[in-house]
Amino acid sequence: MSRLLSRLRATYGDDVLGLMAFLLLAVVGFSLATPKFLSAANFDSMAFQLPVLGLLTLAMLAPIISGGLNLAIIFTANISGLTLAAILNYYGGVDAPFWAFLVGTGAALLVGAFFGFLMGVVIAYVGAHPILVSLAMMIFLRGLGEFLTRGGDISGFPDYLKPIGHGFILGVPVPLIIFAVVAFAMHVLLSHTRHGFSVYMIGSNIDATRYSGVHTQRTLTLIYTISGLLCAIAGILMLTRFNSVRVGHGEALLLVTVLACFLGGVDPFGGFGRVVPVVLALVILQVLSSGLNLLGANQHLSTAVWGLFLIAVMILRFVAGRVRERFEKRRN
């Protein structure tokens, strides 16, 4: 056990150990507070709620590491879901054949990647700030979606979609499996590929990265294209989970994705961040939300607790940094 902890610390730093300790403390605390917390029903509920937020957070992760931000993740997911919904409805709605779902899924993925690609091109080749570009894309996609749906919902899909949003494979919820596969792929992409190395270099110093021979414009374009693709996966999963699509669905999750990234140790100025600590942060946020809900707390209180938790983590990191500096000075 100590060897495993030492390896985790060497790979991800002290953040991951602190997150694991807090997660254990939260689980024990809520278990003592309410016996329902350790029930199978509660774990199933958390396993079904986590994946959508997790996919959107992964879509936010690489842009932040590169020193940017993608404020359009929610509406990119919505417009991708609307694409799939439109194709299913065109081919019969509840009676749409399975091949229509496959075609619609491919189209949704292309739409998400396309809008991410557009943002990446403007950021990389025009030099516009990522916040402004993604904000403009967010407004555009929201207006486009409301125009196409007239502000309403699109619902009524085939029954064969239910296992994707509500099914189990070997006792594990399908949405959680999808999220785990995507998270592993992102971990490999960021930690073991040339593209991932370039992402971290751009976040640390884009000018030095450009002079070192890295094609920064191509890398930035790919970052936002992949982000849009992940948003599309989240939008498809939302459609299968809720059996409906609406513009603005999940809008409250935008700031939570940023919160999860920062809790996971991602540097807000770019250059540092790992998938594993971010996944741990997502689990902690879900545990806090579910635990407070079982205790009968208001949903808004959960949001307040998330904010306080982030402030507490920042304070602890600051104190730990100062203590580490003093210890190193004394040792030298």
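Rules and cut-offs
- Residues numbered from 1 in each chain as written.
- Predicted model: local features only at pLDDT ≥ 70, side-chain atom pairs only at ≥ 80, totals over all residues.
- Heavy atoms only, no water.
- Phe/Tyr/Trp six-rings, centres within 6.5 Å; stacked < 30°, edge-to-face > 60°.
- Helix = DSSP H or I, 4+ residues; strand = E, 2+ residues; numbered from the N terminus.
- Buried < 20%, exposed > 50% of the residue type's maximum accessible area, 1.4 Å probe, protein only.
- Lys NZ or Arg CZ within 6 Å of the ring centre and 35° of its normal.
- Core = buried A, V, L, I, M, F, W, Y, C linked by side-chain atoms within 4.5 Å.
- Contact = heavy atoms within 4.5 Å.
- Salt bridge = Lys/Arg side-chain N within 4 Å of Asp/Glu carboxyl O.
- Patch = residues over 30% accessible without salt bridge, like charges linked within 9 Å, V, L, I, M, F, W, Y side chains within 5 Å.
- Areas by Shrake-Rupley, 256 points an atom, 1.4 Å probe, with all protein chains shown as cover.
- Expected span 1.5 Å × (residues − 1).
- Polar contact = N/O pair within 3.5 Å; in protein donor to acceptor, adjacent residues only side chain to side chain.
- Axes fitted to C-alpha atoms, helices over the stretch in contact; angles between N-to-C directions.
- Parallel < 35°, antiparallel > 145°, perpendicular 65-115°, else oblique.
- Left-handed = near helix turned anticlockwise from the far one by under 90°.

The next point concerns the packing of aromatic side chains. Within this structure, the stated rule accounts for 10 aromatic pairs. Centre to centre, the rings of F98 and F101 are 5.7 Å apart; their planes meet at 45°, and the pair counts as tilted. One end of the pair, F98, and the other, F101, are both in helix α5 (residues 98-126), 3 residues apart, so they sit about a helical turn from each other. With a relative accessible area of 45%, F98 lands in the partly exposed category. Above the face of the Y200 ring, R274 is positioned so that its terminal group lies 5.4 Å from the ring centre.

Turning to unusual backbone geometry, a few remarks are in order. With a phi close to 55°, L170 is a non-glycine residue in the positive phi region. Relative to the assigned elements, L170 resides in the loop between β2 (168-169) and β3 (172-173).

Before going further, it helps to examine the nonpolar core. Looking at soluble globular proteins, one finds that nonpolar side chains tend to be buried together. L58 and L61 are the most contacted members of the largest nonpolar core, which totals 90 residues. Looking at this core element by element, the count peaks at 13 residues for helix α3 (residues 40-65). Once you skip the residues sitting within four places of it in the chain, L61 turns out to touch L190, C261, V266, V275 and V278.

Attention now moves to the pattern of salt bridges. Under the criterion given, the structure shown has 5 salt bridges. Of the charged contacts in the structure, one is a salt bridge between R142 and E251, with a shortest N-O distance of 3.1 Å. With R142 in helix α6 (residues 130-149) and E251 in the loop between β4 (244-246) and α12 (253-263), this pair connects stretches of sequence that are 109 residues apart. A relative accessible area of 35% means that R142 is categorised as partly exposed. In this structure, D207 and R210 form a salt bridge, with 3.0 Å as the shortest nitrogen-oxygen distance.

Turning our eyes to something else, we now look at a nonpolar patch on the surface. A grouping of L308, I311, M314, I315, F318, V319 and V323 is seen on the molecular surface, where their side chains present a nonpolar patch of about 690 Å² in accessible area. Mapped onto the fold, V319 is located in helix α14 (residues 299-331). Relative accessible area serves as the criterion here: at 42%, V319 is assigned to the partly exposed category.

With respect to the secondary-structure elements, N78 resides in helix α4 (residues 73-90). When neighbours within four sequence positions are excluded, N78 is seen to be in contact with M238, V245, R246, V247, G248 and H249.

In this section: helix α9 (residues 194-204). Residues of α9 that are buried include every one of H195, G196, S198, V199, Y200, I202 and G203, and no others. On the buried face of α9, the contacting elements are α3, α8 (174-192), α10 (206-211) and α11 (216-242).

All right, on to helix α13 (residues 275-294) then. An α-helical segment advances 3.6 residues per turn. Residues three or four places apart therefore align on the same side. Helix length check: α13 (20 residues) gives 29 Å between terminal C-alpha atoms against 28 Å at 1.5 Å per residue, within 8%. Among the 20 residues in α13, 15 count as buried, and that is most of the element. Once α13 ends, the next one or two residues include G296, with phi positive near 85°.

Turning our attention to the environment of Y200. For Y200, the position within the fold is in helix α9. Separated by 95 residues in sequence, Y200 and T105 have C-alpha atoms that sit 31 Å apart. With near-sequence residues (within four places) excluded, Y200 lies in contact with I65, L190, G271, F272, G273 and R274. At 2.4 Å, the side chain of Y200 and the backbone oxygen of G273 are in polar contact.

Time to look at the packing of α3 against α13. Relative to each other, α3 and α13 sit at 140°, their axes nearing to 9 Å. For the element pair α3 / α13, the angle class is oblique. The crossing of α3 and α13 is right-handed. On the side of α3, the interface is formed by N42, M46, Q49, L50, L53, G54, T57, L58 and L61, while α13 contributes V275, V278, L282, V283, Q286, V287, S290 and L294.

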